[in-house]
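Analysis of the macromolecular model
The primary structure of each chain is shown beneath.
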Amino acid sequence: MKLRKVTAASATVFALALTATACGGDNNEGGGSGSGDGKTITVGIKFDQPGLGQKTPQGYAGFDVDVATYVAKKLGYNEDQIEWKEAKSADRETMLQRGDVDFIAATYSITPERQEKVDFAGPYLLAHQDVLVRADDNKIKSPEDLNNAKLCSVTGSTSAQNVKDKLAPKAQLQPYPTYSACLPGLQNGAVDALTTDDSILAGYAAQSQFKGKFKLGGFKLTNENYGIGVKKGSDLKDKINDALEAMVADKAWQEAVDKNLGPANYKNEPAPKIGDIKS
Amino acid sequence: MFDFLEDYDLLGAFWTTVQLAVLSAVGSLIWGTLLAAMRVGPVPLMRAFGTAYVNIVRNIPLTVIILFTSLGLNQTLGVSLGANDVETINFRLAVLGLILYTSSFVCEALRSGINTVPVGQAEAARAIGLNFNQVLGLVVLPQAFRSSVVPLANVLIALIKNTTVAAAIGVAEAAVLMKEMIENEAQLLLISAIIAFGFVVLTLPTGLFLGWLGKKVAVKR
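Because the structure is predicted, anything quoted here is derived from the model rather than measured.

Details of the environment of Val 79 of chain B
Residues and elements named next belong to chain B. Positionally, Val 79 belongs in the loop between α3 (62–76) and α4 (86–116). Residue classification places Val 79 among the partly exposed positions, given a relative accessible area of 28%. Distance from Val 79 to Val 135, taken between C-alpha atoms, is 38 Å for residues 56 residues apart in sequence. Sequence-distant contacts of Val 79, that is, excluding residues within four places in its chain, are made with Leu 73 and Asn 74.

Description of the interface of chain B and chain A
When the parts of a complex come together, some accessible area is lost, and that lost area is often taken as the interface size. On the side of chain A, 25 residues touch chain B, which itself brings 23 residues to the contact. Buried area between chain B and chain A, summed over both chains or domains, comes out near 2000 Å², and the portion from carbon and sulfur atoms is 50%. Three residues stand out in chain B for area buried against chain A, namely Gln 75, Val 86 and Glu 183 of chain B, and they jointly supply 31% of the buried area on that side. Taken together, the links from chain B to chain A amount to two salt bridges. Where chain B meets chain A, there are nine residue pairs in polar contact (both at pLDDT 80 or more). Of all elements in the fold, only α3, α4 and α8 (174–185) of chain B reach the threshold of two or more residues within the side of chain B that touches chain A. For the side of chain B that touches chain A, the leading source of residues is α8 of chain B, giving seven residues. For the side of chain B that touches chain A, a count of residues per class yields 10 nonpolar, eight polar and five charged.

So, the domain arrangement of chain A
Residues and elements named next belong to chain A. According to the domain assignment, chain A contains domain 1 (41–127 + 224–264) and domain 2 (129–216). One C-alpha centre belongs to domain 1, the other to domain 2; they are set 25 Å apart. Opposite the 16 residues of domain 1 that make contact, domain 2 presents 14 residues. The junction of domain 1 with domain 2 conceals about 1100 Å² of combined surface from both sides, 60% of it contributed by carbon and sulfur atoms.

Details of the state of the cysteines
Residue and element names in this part refer to chain A. A full pass over the atoms with the stated rule returns one disulfide over all chains. Linked covalently through their sulfurs, Cys 152 and Cys 182 form a disulfide whose S-S length is 2.0 Å. Negative torsions about the S-S bond denote left-handed disulfides, and the value of about -75° found for Cys 152 with Cys 182 makes this one left-handed. Placement of the pair is Cys 152 in strand β9 (residues 150–154) and Cys 182 in helix α6 (residues 182–188), with a sequence separation of 30 residues.

Notes on the packing of aromatic side chains
Residue and element names in this part refer to chain A. Here the structure, examined in full by the defined rule, presents 13 aromatic pairs over all chains. Summarising the aromatic geometry, the rings of Phe 47 and Tyr 60 are spaced 5.2 Å apart at their centres and angled 40° between planes, so their arrangement reads as tilted. Remark: Tyr 60 occurs in strand β4 (residues 59–61) and Phe 47 occurs in the loop between β1 (41–45) and β2 (48–49); sequence separation between them is 13 residues. In textbook terms, an aromatic cluster arises when at least three aromatic residues are bridged by ring pairs, as seen for Phe 63, Tyr 124, Tyr 226 and Trp 253.

Cut-offs used in this document
Residues numbered from 1 in each chain as written. Chains lettered and ligands numbered in written order. Predicted model: local features only at pLDDT ≥ 70, side-chain atom pairs only at ≥ 80, totals over all residues. Heavy atoms only, no water. Helix = DSSP H or I, 4+ residues; strand = E, 2+ residues; numbered from the N terminus. Buried < 20%, exposed > 50% of the residue type's maximum accessible area, 1.4 Å probe, protein only. Contact = heavy atoms within 4.5 Å. Buried area = accessible area lost by both parts, 1.4 Å probe. Salt bridge = Lys/Arg side-chain N within 4 Å of Asp/Glu carboxyl O. Polar contact = N/O pair within 3.5 Å; in protein donor to acceptor, adjacent residues only side chain to side chain. Nonpolar A, V, L, I, M, F, W, Y, C, P; charged D, E, K, R; others polar. Domains from an automatic or database assignment. Disulfide = S-S within 2.5 Å. Phe/Tyr/Trp six-rings, centres within 6.5 Å; stacked < 30°, edge-to-face > 60°.

Here it is as structure tokens:
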């Protein structure tokens, strides 16, 4: 009996020790990446959004990645001094507040609620909510047609809520955890359209396996101003704004758009002026 | 601090959670009992099926099962479970997925209850001429249920929390509302705490009540 107690107690201690080490590991990972040590800069991007921010076997690719790389260069960091971190939508404010990352370029729309928590540089891209439909499907010609369609979007996303509340309240909405989960259904006709920001849609349509199968509706349903998020009160904001202006001025911005989103026939808006947030 | 809650239907979302949990609980209790009966039954084929089912299904992640009901059954094979609009279809698919998954745990909880019934009772029942269904239905299962109330309560609590996985196919329950609120309000910790509290409100009384019930109905041996 006594022995059993000892075993149980040591098992508990062992389990606790394991959890404690696990926490310690996390802390160490974040610790080495503070700003201002002059060596590396930590940037938050999406890892799973083709055309914008995607982790590939060859490295990181996408428009957000190109913008972040350019900005980091202007801040004095070479490409190999950038440490990329995944910034999932729900984690973005927390990551900035805790200082896990120096700035975030991850399809980060500027909204009043978010501005209370973090500061935004930019905007650097004006996107619109749009729909992606099968290339041979002409059923959806105007935003009104969405009311009779089956739409797919990501659970809880702004685009999904917009559809339900404003754009097409009568539409049937199938939410999935990721946009990629929507694509098989869109391909075989189980849903009629995938809806979110046109920049994101263009990224999916530009993937080699989907080339020529999907097209953008071009409806411009909302305005999404993508900004670069920094910690509240950070002096990075002005420096990033300067870098973004320089990027537009020396045509690197347009090149990045064409390279990453061009193949899907995406017609981009002209580069937005810094601080010009379209509602 | 909490004024943004007025814009959201928190009670409605948790009501969907409760509906998911209750329907799945009833369904998995029935299917789980049948599985347990198969696993202790005399027919080798049924025993093999029960064993295979439990060992396969309980080892598949629930998210995969739920996503399969939607992507596989609905979108590829066209199964709609008699509903027309996406919301109802998804709700029914989620209940189906939860039943398929949870019943394997119900089966094992019940089987542990069956093992507490002394072998002599089943032998005595057979000796007075009862067939298998009678032995199981009249003698063994009533006692087995009484001693598996507590393990079944564990399964039920796990089920209530597992309903959040239905968010994967967009059933508008508490976890979906949580995602929407986080997306709009940028208040990760506060919103998570509110939703977690909602689940504690659901599960804590369930656990306490079933714990008390388990003691009350336990077979004293």
